[in-house]
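# Close look at the chain arrangement
Residue strings, one per chain:
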Number of protein chains: 2
Amino acid sequence: MTGPYRESHARAIGKAISWRVLGTLATTFLVWLFTRQVALAATVGALEAIMKGVLYYAHERGWNHVRFGRHEAEPAVVWFTGLSGSGKSTIAEEVFAQLKRRGYKAERLDGDTIRSIFPQTGFTRDERDAHIRRVGYLASKLEQNGVFVVASLVSPYQDSRDFVRSLCRNFIEVYISTSLDECERRDVKGLYARARRGEIKNFTGIDDPYESPTDAEVVIDTTQVSVDAAAVKILSHMPLRS
Amino acid sequence: MTGPYRESHARAIGKAISWRVLGTLATTFLVWLFTRQVALAATVGALEAIMKGVLYYAHERGWNHVRFGRHEAEPAVVWFTGLSGSGKSTIAEEVFAQLKRRGYKAERLDGDTIRSIFPQTGFTRDERDAHIRRVGYLASKLEQNGVFVVASLVSPYQDSRDFVRSLCRNFIEVYISTSLDECERRDVKGLYARARRGEIKNFTGIDDPYESPTDAEVVIDTTQVSVDAAAVKILSHMPLRS
């Protein structure tokens, strides 16, 4: 049975060569040790190198068709929830970058980015709920297929988050608990000011509720913790190899 | 750099043993060939077996951290479009089963199944269009992460299908062209009868249009082709290893 991941012929050749250097040195040393004949040891070593180089390559290619012992990292869905401007995306980007740096498959899902692809998604409770559930479904399908997901959505409703949690295997809810006062003080995108002026409706924290998570795996207050420290804390909750 | 796919210690041990049997036989034969001394050949063989068994294991574990030469199969999104009852799901299931049997990562996305998870999705043109686009976005994210996608949705609009095509890398549109008459004659789920009685609104083919694809990679008329033959035809369009 062939696994989904192929190894190239070049890899088998590379391994055959690196192993030959090791193996031939060992054999030559052994023959010399027993016979103390340098010429004989060198001849056996040279012949062995050629013969086994070919044999090793064939052996590697054969194992390429064997699934046994090939593991995939067990992934997780890291779900950032919190008010607009709380710092979700900044920390999510750092966690995502660290996963990629370690060689994991990872996908970044950002609520605003996905909304920009589907501009018809509105901000009523039903529309927000559907948006969260759909992104959660996407996250769970990626997770089922071996991909780490780093999602950041305001996701203000407990019900919607619980639905997403129920779909995922390793669900790590990260509540960025930066207070409304602090978010409004920062107001990086000027959205709070617009919401206060009534130019934006159904704005979470102003005229739409934010239901604080009660069962988040990680809680981070960005007025207390740096981005790096937050990322370290979140990564420590994930099933990563050392 | 560690790759996303790990090999277990047990795999390295298994390979070390299978290689030792091959390698030690070769070395013993070589030493015997040059010295004609059975005892010497056996001793060198035995010592080599122990020494290299350990060395081979270490060599394998070392290569586990090398990415070079590890390929992933390049996946595709196979998108089935056609009228209700045209035979999309039956053929899609067969294609999906064959991909899984060959060891590929694959995900099956069915329009009706996803609608059952998101029952708020309606059947107006806008809602259908959004539904198709969202499933297409999901498909493209899976494809980007190395997963084959076998999707079956009525997906009656050219615009929506074109949007999905634009998101995917290897997009294989499969048009199941079974005629409306034939679909209505079969009427497996009794939906056409209900649509004719006006119990279902916006039913594709009855009171909602089906825009036949003009650029489908594969066209299949189920009155002419068996399920198995259809699957073979579709698989031949996919970037599969032999």
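Residues numbered from 1 in each chain as written. Chains lettered and ligands numbered in written order. Predicted model: local features only at pLDDT ≥ 70, side-chain atom pairs only at ≥ 80, totals over all residues.

Right, let's talk about the sheet that holds strand 6 (residues 171-176) of chain A for a bit. Residues and elements named next belong to chain A. Spatially, 4-5-3-6-7 is the arrangement adopted by the five strands of the open sheet, whose pairing is parallel. Edge strands, defined here as strands with exactly one partner in the open sheet, are strand 4 (106-110) and strand 7 (218-220). Averaged over all adjacent pairs, the angle separating strand axes in this sheet is 15°, with direction ignored. Of the strand pairs in this sheet, strand 3 (residues 77-81) and strand 6 are connected by five bridges, and their pairing is parallel. Bridged to Trp 79 within strand 6 is Glu 173. (Pairing = 2+ DSSP bridges. Helix = DSSP H or I, 4+ residues; strand = E, 2+ residues; numbered from the N terminus. Axes fitted to C-alpha atoms, helices over the stretch in contact; angles between N-to-C directions.)

As a further point, take the interface of chain B and chain A. A common measure of how large an interface is: the accessible area buried when the components associate. Listed by partner, the interface residues are 55 residues for chain B and 55 residues for chain A. Taken together, the elements giving at least two residues each to the side of chain B that touches chain A come down to strand 1 (5-7), helix 1 (9-35), helix 2 (38-63), strand 2 (70-72) and helix 5 (125-144) of chain B. Among the elements that take part in the side of chain B that touches chain A, helix 1 of chain B stands out by supplying twelve residues, more than any other. Of the residues belonging to the side of chain B that touches chain A, the class tally is 26 nonpolar, 13 polar and 16 charged. (Contact = placed C-beta atoms within 7 Å. Nonpolar A, V, L, I, M, F, W, Y, C, P; charged D, E, K, R; others polar.)

Attention now moves to the packing of helix 3 (residues 88-101) of chain A against helix 9 (residues 227-235) of chain A. Residues and elements named next belong to chain A. In the contact formed by helix 3 and helix 9, the axes pass within 9 Å of each other and the chain directions differ by 60°. Judged by the angle between their axes, helix 3 and helix 9 are oblique. For helix 3 against helix 9, the interelement crossing comes out right-handed. Contacts between helix 3 and helix 9 involve Thr 90, Ile 91, Glu 94, Val 95 and Gln 98 from the former and Val 227, Asp 228, Ala 230, Ala 231, Ile 234 and Leu 235 from the latter. Looking at the contact of helix 3 with helix 9 residue by residue, the classes come out as seven nonpolar, two polar and two charged. (Parallel < 35°, antiparallel > 145°, perpendicular 65-115°, else oblique. Left-handed = near helix turned anticlockwise from the far one by under 90°.)

Related by rotation about an axis and a shift along that axis, the two copies of the chain form a pair. Note on the copies: chain B fits chain A at an RMSD of 0.1 Å, the axial shift is 0.0 Å, and the rotation between them is 180°. One copy is carried onto the other by what is essentially a two-fold rotation axis. Comparing interface residues between copies, 100% of those in chain B also lie at the interface in chain A; the contact surface is shared. (Least-squares fit on C-alpha atoms with pLDDT ≥ 70 in both.)

Averaged over chain A, the pLDDT score is 90; the fraction of residues at 70 or greater is 96%. Ranking the elements of chain A by mean pLDDT puts strand 1 (residues 5-7) of chain A last, at 69, and strand 3 of chain A first, at 98. (pLDDT = per-residue confidence, 0-100.)

Examined at the domain level, chain A breaks down into domain 1 (9-63) and domain 2 (77-235). Computed from C-alpha atoms alone, the centre-to-centre distance between domain 1 of chain A and domain 2 of chain A is 56 Å. (Domains from an automatic or database assignment.)

Residue and element names in this part refer to chain A. With five of its five residues buried, strand 3 lies for the most part within the structure. With four bridges connecting them, strand 3 and strand 5 (residues 148-152) associate as parallel partners. Along strand 5, the bridge assignment pairs Val 78 with Val 150. (Buried ≥ 20, exposed ≤ 12 C-beta atoms within 10 Å, placed from the backbone.)

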